[in-house]
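Spelled out, the chains give:
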Amino acid sequence: MAVEVVYHGHSCVEIKSGRHCVQIDPFYDHNPLSDVKSDQVHPSFILLSHAHFDHVDDAGRIAQRTGAPIAANYEITEYLGRQKLKTVGMNTGGGMNFPFGRATMTMAFHTSTFADGTPGGVAGGWLLEIDGKVIYFAGDTGLFSDMALIGKLWPIDLAFLPIGDCFTMGPAHALQAAEMLRAKSVVPIHYNTFEPIRQDGAAFVAALKKREIPGLVQGFALKPGEHCQVP
Ligand code: NI
Ligand code: MN
């Protein structure tokens, strides 16, 4: 079955496979790049990488309306659980089977505090196994050498990597990340939303191609609202 990813700007993505729609880091209503609003999406499951507002902003609203469960680190699910939402608490290195496939929480070098100052545990990323495809969502992170381990443990078909710089790694380190992960394809995220993270997605994809990373098929600089099939 074809697995598709949809980009909504910033780090807000959906992964679609059959009747499943996995939402990662919903950020619509206050996302200047988003092509849709939070009341127009219908995820069957929501995954969060960390507690920063540009990743969790619309999670409660969408979960409330759709009944979609939220998986995130333990601290985030405790916080959201107080709003009477269905949650699944996990932590770094742990994996679980869900109706859509398997999700493992990976490490990320970043912070994780809610907008109101509540600590949101440690920041993470997601490794998803859905319908025979392996998708890595790095989350907000700096470059770390254990990306090579993640690439060794899983044959990654598509990797979402931040390129914005300032709050996460920039394009140069994202190229290194792609190489260490041995990803078959790469989609740049977390850029152009705000002034400090202005970057050229097409230039990043061109640099990726020029680097001739073994096994890398292509990069997709998706514009908000665009989608691509996981190769
Ligand atoms: Ni962040
Ligand atoms: Mn962020």
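In this text the structure is predicted, and so the values were computed from the model without any measurement.

Thresholds applied
Residues numbered from 1 in each chain as written. Chains lettered and ligands numbered in written order. Predicted model: local features only at pLDDT ≥ 70, side-chain atom pairs only at ≥ 80, totals over all residues. Heavy atoms only, no water. Donors = N, O, S within 2.8 Å, 3.2 Å for Na, K, Ca; no water. Tetrahedral: all angles 85-135°; square planar, octahedral: opposite > 155°, others 65-115°. Helix = DSSP H or I, 4+ residues; strand = E, 2+ residues; numbered from the N terminus. Buried < 20%, exposed > 50% of the residue type's maximum accessible area, 1.4 Å probe, protein only.

**Student:** Where do I start with the coordination of the nickel ion (ligand 1) in this structure?
**Tutor:** The expected angle between donors at a tetrahedral four-coordinate metal is 109.5 degrees. At an octahedral six-coordinate metal it is 90 or 180 degrees. Binding of the nickel ion (ligand 1) to the protein goes through His50 (NE2), His52 (ND1), His110 (NE2) and Asp140 (OD), at separations of 2.2 to 2.3 Å. Each of the 4 donor atoms around the nickel ion (ligand 1) contributes to a set of angles spanning 88 to 178°, which defines the coordination as irregular. All donors to the nickel ion (ligand 1) come from one chain, and their sequence spacing reads H-x1-H-x57-H-x29-D. Taken as a pair, the nickel ion (ligand 1) and the manganese ion (ligand 2) lie 3.0 Å from each other and share aspartate 140 as a ligand. Of this pair, histidine 50 sits in the loop between β4 (45–47) and α1 (53–56) while histidine 110 is found in the loop between β8 (101–107) and β9 (124–130), placing the two residues 60 residues apart along the sequence.

**Student:** Explain unusual backbone geometry to me, please; I cannot follow it from the model alone.
**Tutor:** Backbone phi values are negative for most residues with the exception of glycine, while trans is the configuration of most peptide bonds. Residues other than glycine seldom take positive phi values, yet aspartate 25 does so here, at roughly 45°. Mapped onto the elements of the fold, aspartate 25 is located in the loop between β3 (20–24) and β4. For aspartate 165, which is not a glycine, the phi torsion comes out positive at approximately 65°. Structurally, the position occupied by aspartate 165 is in the loop between β11 (158–162) and α5 (171–181). Here aspartate 165 falls in the partly exposed class, since its relative accessible area comes to 37%.

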